[in-house]
Amino acid sequence: MRMVFVGEAMVELAPEAGLYRRGFAGDTFNMAWYAQKLAPDWQTDFVSAIGDDAISAEFSGFVAQAGIGTAHLQVIPERSLGLYMISLQNGERSFAYWRGQSAARRLAEDAAALNAAFAAADLVVFSGITLAILEGKGCDRLAQALQAARATGARIAFDPNIRPRLWASGDEMRACLTRFAGLSDIVLASFDDEAAHFGDGDRQATLARYLSAGAGAVVVKDGAAQVLAQIGGQSYAYSPDPVHSVTDSTAAGDSFNAGFLTAWLAGQPVEAALAAGAALAGRVIQYRGALAQQALA
Ligand code: ADP
């Protein structure tokens, strides 16, 4: 199997003992990192763009070290990685971002490179953040490459991961997310985002809306609450085991996606795939940071 994850990874600066610890994270990159750990015998590639500077080279080394393919990290010499800084105030985390000029915004500039990256993929995964950051006609080129990959048998998975601040307007955001849901075999949504930005009254409404947009299947995550899904015309509801000591909910949705998608791609029954997603996410939120090695032990 070959899994391809498309999007932006950033430099992460996290406070630790009066200094900042440097890491790398980003929604689709986190998914790739967990997916590679869960399915080490499959090929996992991260499709993005980086600069030709030292920090970009460090990132590329980090990706390779994690067992993730770097062949489709395009180099945009005049750009570099985006960056975010975590601040802790009274135990609450907040984030400041410097990503407006990141190389990843141009990851869909070259249609041929995108097609080559998706060739012979069994699964292509992207998110609403991937769409939000693309410059110029990037979304149209991504749509074409996804359609071409799908036509040759790849399954397309989409997490809307709604971040209104990355979009020019709410209407543009909703139209674009709806368009790409219609190009996807499966949409993996988080209910709180969907309720806030599409006005869905309940999880069923989110499910129905994405199905009517043309999604092949839909999974709706909702924190500790039941995960609803409609896959292959069948309805499912899965209750995650409750986690009482949540340390850091970062990457809950990303790790759920990795657990679910690797099991689903392996041909496991839907219930088992939902359970695999929820089990991994339930462990990840008990550790600090987006990439929790301890959650995989
Ligand atoms: P995100 O907001 O990061 O996209 P969600 O909050 O919807 O993600 O959570 C994704 C998944 O993580 C849930 O479907 C569930 O399986 C798991 N999860 C999150 N919070 C909890 C919790 N408090 N207890 C158990 N599982 C949780």
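Please read all numbers here as calculations on a predicted model, not as lab measurements.

Student: It is not clear to me how the packing of helix α3 (residues 111–118) against helix α5 (residues 138–151) should be interpreted in this structure. Could you clarify?
Tutor: Remark: α3 packs on α5, axes separated minimally by 9 Å, with the N-to-C direction vectors making an angle of 35°. In this structure, the crossing between α3 and α5 has a hand that is right-handed. Mapping the contact onto sequence places Ala111, Leu114, Asn115 and Phe118 in α3 and Arg141, Leu142, Ala145, Leu146, Ala148 and Ala149 in α5. Residues of the contact of α3 with α5, tallied by class, amount to 8 nonpolar, 1 polar and 1 charged.

Student: Teacher, can you tell me more about the environment of Phe256 here?
Tutor: Position of Phe256 relative to the elements: it lies in helix α9 (residues 252–265). For Phe256 and Ala281, which are 25 residues apart along the polypeptide, the C-alpha to C-alpha distance reads 5.0 Å. Beyond its immediate chain neighbours, meaning those up to four positions away, Phe256 contacts Val219, Lys221, Val227, Leu274, Gly277, Ala278 and Ala281.

Student: Just to check I follow, could you spell out the pairing of strand β11 (residues 218–221) for this structure?
Tutor: Here is the key point about a regular strand: its side chains alternate between the two faces of the sheet. Neither face of β11 is open: one carries Val218 and Val220, the other Val219 and Lys221, and all of them are buried. As paired strands, β11 and strand β12 (residues 227–231) are joined by 3 bridges and run antiparallel to one another. Considered in β12, the bridge of Val220 is made with Leu228. Taking the residues between adjacent antiparallel strands as the criterion, β11 and β12 are bridged by 5 residues, where Gly223 takes a positive phi near 55°.

Student: When you look at α3 in this model, what are you seeing that I'm missing?
Tutor: Here α3 has its buried residues at Leu114, Ala117 and Phe118. Buried positions in α3, seen along its axis, are confined to an arc of 90° and lie on one side of it. Summarising the contacts, the buried residues of α3 are in contact with β1 (2–6), β4 (43–50), β8 (123–127) and α5. Looking one or two places after α3, you find Ala120, whose phi comes out positive at around 60°.

Student: Got a minute to help me understand the site of the ligand in this structure?
Tutor: Surrounding the ligand, one finds 16 residues, the nearest of these being Ser190, Gly223, Val243, Gly253 and Ala281. One nitrogen or oxygen atom from the side chain of Ser190 is found 2.6 Å from an oxygen atom belonging to the ligand. A distance of 3.2 Å is found between an oxygen atom of the ligand and a backbone nitrogen or oxygen belonging to Gly223. Considering the ligand on its own, with 560 Å² of exposed area, one finds that the protein chains cover 83% of that surface.

Student: Looking at this structure, I do not really get the sheet that holds β1. What am I missing?
Tutor: Strand pairing in a sheet relies on backbone hydrogen bonds, with the paired strands running either antiparallel or parallel. If you trace the 9 strands from one edge of the open sheet to the other, you get β5-β4-β1-β8-β9-β10-β11-β12-β13, paired in mixed fashion. The open sheet has two free edges, formed respectively by β5 (73–75) and β13 (234–238), since each of these has just one partner strand. Strand-to-strand twist of the sheet, defined as the mean angle between neighbouring strand axes without regard to direction, takes the value 15°. Judged from the 2 bridges that link them, strand β9 (residues 155–159) and strand β10 (residues 186–190) form a sheet pairing that is parallel.

Student: What exactly am I supposed to notice about the nonpolar core here?
Tutor: Within the largest apolar cluster, 56 residues are counted, with the highest numbers of intra-cluster contacts made by Phe59, Ile186, Val219, Ile231, Phe260, Leu261 and Leu274. Here Leu261 is in contact with Leu123, Val125, Ala157, Ile186 and Leu188, once residues within four sequence places are set aside. Core analysis: the next-biggest nonpolar cluster, separate from the first, contains 44 residues, Val47, Leu146, Leu207 and Val218 among them.

Student: Any chance you could explain the pattern of salt bridges here in plain terms?
Tutor: One side chain can pair with another of opposite charge once the charged atoms of both are near each other. Scanning the entire structure with this criterion turns up 16 salt bridges. Its salt-bridge partner being Glu109, residue Arg106 comes within 3.0 Å of it at the nearest N-O pair. Note on Glu109: relative accessible area 39%, which makes it partly exposed. In this structure, the salt-bridge partner of Arg209 is Glu194, at a minimum N-O distance of 2.8 Å.

Basis of the calculations
Residues numbered from 1 in each chain as written. Predicted model: local features only at pLDDT ≥ 70, side-chain atom pairs only at ≥ 80, totals over all residues. Heavy atoms only, no water. Axes fitted to C-alpha atoms, helices over the stretch in contact; angles between N-to-C directions. Helix = DSSP H or I, 4+ residues; strand = E, 2+ residues; numbered from the N terminus. Left-handed = near helix turned anticlockwise from the far one by under 90°. Contact = heavy atoms within 4.5 Å. Nonpolar A, V, L, I, M, F, W, Y, C, P; charged D, E, K, R; others polar. Buried < 20%, exposed > 50% of the residue type's maximum accessible area, 1.4 Å probe, protein only. Pairing = 2+ DSSP bridges. Arc of directions from axis to C-beta. Near = heavy atom within 4 Å. Polar contact = N/O pair within 3.5 Å; in protein donor to acceptor, adjacent residues only side chain to side chain. Areas by Shrake-Rupley, 256 points an atom, 1.4 Å probe, with all protein chains shown as cover. Core = buried A, V, L, I, M, F, W, Y, C linked by side-chain atoms within 4.5 Å. Salt bridge = Lys/Arg side-chain N within 4 Å of Asp/Glu carboxyl O.

On their own, these measurements won't tell you what the molecule is for.
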